[in-house]
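Fold and geometry: a report
Below are the chains, spelled out letter by letter.
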Amino acid sequence: MNQDELKALVGQAALQYVVPGEIVGVGTGSTVNKFIDALASMKDRIAGAVSSSVASTARLQALHIRVFDANDVDQISVYIDGADEIDPAGHMIKGGGAALTREKIVAAQSTRFICIADESKLVTTLGAFPVPVEVIPMAARRIERQFAAMGGTAKVRMKDGVPLVTDNGQCILDVSGLAIKDPLAFESEVNQWPGVVTVGVFAHQKAAVCLLGTPSGVKTLTF
Ligand SMILES: O=C[C@H](O)[C@H](O)[C@H](O)COP(=O)(O)O
């Protein structure tokens, strides 16, 4: 099975966590796209979705799945999203698709985070994947220096030759060279730096379950 097929496998498997009659929280990315496509098969049995990005909203709406504004919804039972890395405790790095801020908002609004990923995303220690951090552009240089003091190298994410602009009108720093041994402490610290909108370490909103796509099928990890 190739990586795309593994993503489709977990996207389909995530349907078992969707609560009929309710609104489901929907993440962003290539694995979530598989979930959204699978969700279309039960669109008449759910109330709709709260989406974490412009891209996921467009895909949901194209499949005639109703998308609610997060402000119009109270608690969500289940949030389904992918990850760039997940550790054995369910802490994750997210934001490879630049959607980390809205993802963290919808995850915070949800009771259970169900992570869907192919097995390449499971790591012992977070940090081999550069940590995405959404920042206010005028603070980017200062935040780069703060990461340098920690031993990391931060680079502004580019798209088509110019700094990428997120759905929230901000930019992304990708920080390499960090081995994140204490994800909770790391997330708390970076969150306090002026100009940081969201750090792409999800330790306070970690996964409750991870559906991991492997060549021998879906492996379920619970945390
Ligand atoms: O901003 C994007 C998200 O955090 C994605 O969920 C993450 O990058 C994983 O994406 P993919 O499923 O495409 O590997």
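Remember, it's a predicted structure, so these values are computed and weren't measured experimentally. (Residues numbered from 1 in each chain as written. Predicted model: local features only at pLDDT ≥ 70, side-chain atom pairs only at ≥ 80, totals over all residues. Heavy atoms only, no water.)

1. Let's talk about the packing of aromatic side chains
For the structure shown, the criterion picks out three aromatic pairs. A centroid spacing of 6.5 Å and a plane angle of 85 degrees characterise the contact between Phe 113 and Phe 202, whose relative ring orientation is edge-to-face. Separated by 89 residues along the polypeptide, Phe 113 in strand S7 (residues 110-118) and Phe 202 in strand S14 (residues 201-202) bring together distant segments of the chain. Accessibility assignment for this pair places Phe 113 and Phe 202 in one class, buried. Through a chain of ring-to-ring contacts, the aromatic side chains of Tyr 79, Phe 113 and Phe 202 assemble into a single cluster. Sitting over the ring of Phe 202, Lys 94 keeps its end group 5.5 Å from the ring centre. (Phe/Tyr/Trp six-rings, centres within 6.5 Å; stacked < 30°, edge-to-face > 60°. Helix = DSSP H or I, 4+ residues; strand = E, 2+ residues; numbered from the N terminus. Buried < 20%, exposed > 50% of the residue type's maximum accessible area, 1.4 Å probe, protein only. Lys NZ or Arg CZ within 6 Å of the ring centre and 35° of its normal.)

2. Re the UniProt feature "active site" (unreviewed entry) in the protein
Look at the UniProt record and you will see "active site" (unreviewed entry) annotated at Glu 103. Here Glu 103 lies in helix H4 (residues 100-108). Taking the relative accessible area as the measure of exposure, Glu 103 reaches 3% and is therefore buried. Look past the residues within four positions of Glu 103 in its chain and what remains in contact with it is Gly 27, Thr 28, Ser 52, Tyr 79, Asp 81, Lys 94, Gly 95 and Phe 202. (UniProt positions renumbered as here; feature names shortened; annotations may be inferred. Contact = heavy atoms within 4.5 Å.)

3. Some thoughts on the site of the ligand
Residues in close proximity to the ligand total 16 residues, the closest being Thr 28, Ser 30, Thr 31, Asp 84 and Glu 103. Between the ligand and Glu 103, the relevant distance is 2.7 Å, taken from an oxygen atom to a side-chain nitrogen or oxygen of the residue. In this structure, an oxygen atom belonging to the ligand sits 2.7 Å away from a side-chain N or O atom of Lys 121. In isolation the ligand exposes 380 Å². Once the protein is present, 91% of that is buried. Per-class residue counts for the shell around the ligand are three nonpolar, eight polar and five charged. (Near = heavy atom within 4 Å. Polar contact = N/O pair within 3.5 Å; in protein donor to acceptor, adjacent residues only side chain to side chain. Areas by Shrake-Rupley, 256 points an atom, 1.4 Å probe, with all protein chains shown as cover. Nonpolar A, V, L, I, M, F, W, Y, C, P; charged D, E, K, R; others polar.)

4. Concerning the nonpolar core
Counting 24 residues, the largest nonpolar core has Val 24, Val 26, Phe 35, Leu 39, Ile 80, Ile 116 and Leu 211 as its most contacted members. Secondary structure elements with two or more residues in this core: helix H1 (3-13), strand S1 (23-26), helix H2 (30-39), strand S4 (76-81), S7 and strand S15 (209-214). By residue number, the principal contributor to this core is H2, which donates five residues. Contacts of Phe 35, omitting those with residues within four sequence positions, involve Gly 11, Ala 14, Leu 15, Val 18, Val 24, Val 26, Ile 80 and Ile 116. (Core = buried A, V, L, I, M, F, W, Y, C linked by side-chain atoms within 4.5 Å.)

5. Observations regarding the sheet that holds strand S9 (residues 153-156)
Strand pairing within a sheet occurs via backbone hydrogen bonds; the two strands may be parallel or antiparallel. Strand order in the open sheet made by the four strands is S9-S12-S8-S13, with antiparallel pairing throughout. Unpaired on one side and paired on the other, S9 and strand S13 (196-199) mark the two borders of the sheet. Averaged over all neighbouring strand pairs, the angle between strand axes comes to 30 degrees, with direction disregarded. (Pairing = 2+ DSSP bridges. Axes fitted to C-alpha atoms, helices over the stretch in contact; angles between N-to-C directions.)

6. Things to note about the sheet that holds strand S5 (residues 85-86)
What the three strands build is an open sheet, ordered S5-S6-S14; its pairing is antiparallel. Both outer strands of the open sheet, S5 and S14, are each paired with one neighbouring strand and no more. Taken together, the two bridges between strand S6 (residues 92-93) and S14 define a ladder with antiparallel strand orientation. What sits directly across from Met 92, in S14, is Phe 202.

7. Some points on the layout of surface pockets
Estimated volume of the largest pocket: approximately 470 Å³. Lining the largest pocket are 27 residues; nearest its centre among them are Thr 28, Gly 96, Gly 97, Ala 98 and Ala 99. Breaking the lining of the largest pocket down by element, the ones donating at least two residues are H2, helix H3 (54-62) and strand S11 (162-163). Of the residues forming the lining of the largest pocket, the biggest block, three residues, is contributed by H2. (1 Å grid on protein atoms, 1.4 Å probe; cavity = no way out; pocket = protein on both sides within 12 Å on 5 of 7 lines; lining within 4 Å. Points joined across faces, edges and corners; volume = space filled by probe spheres on them.)

8. A word on the side chain of Glu 134
Mapped onto the secondary structure, Glu 134 falls in strand S8 (residues 131-135). No salt bridge is formed by the buried Glu 134; the nearest opposite charge belongs to Arg 102, separated by 7.3 Å. A polar atom in the side chain of Glu 134 sits 3.2 Å from the side chain of Asn 168. (Lys, Arg positive; Asp, Glu negative; His and termini not counted. Salt bridge = Lys/Arg side-chain N within 4 Å of Asp/Glu carboxyl O.)

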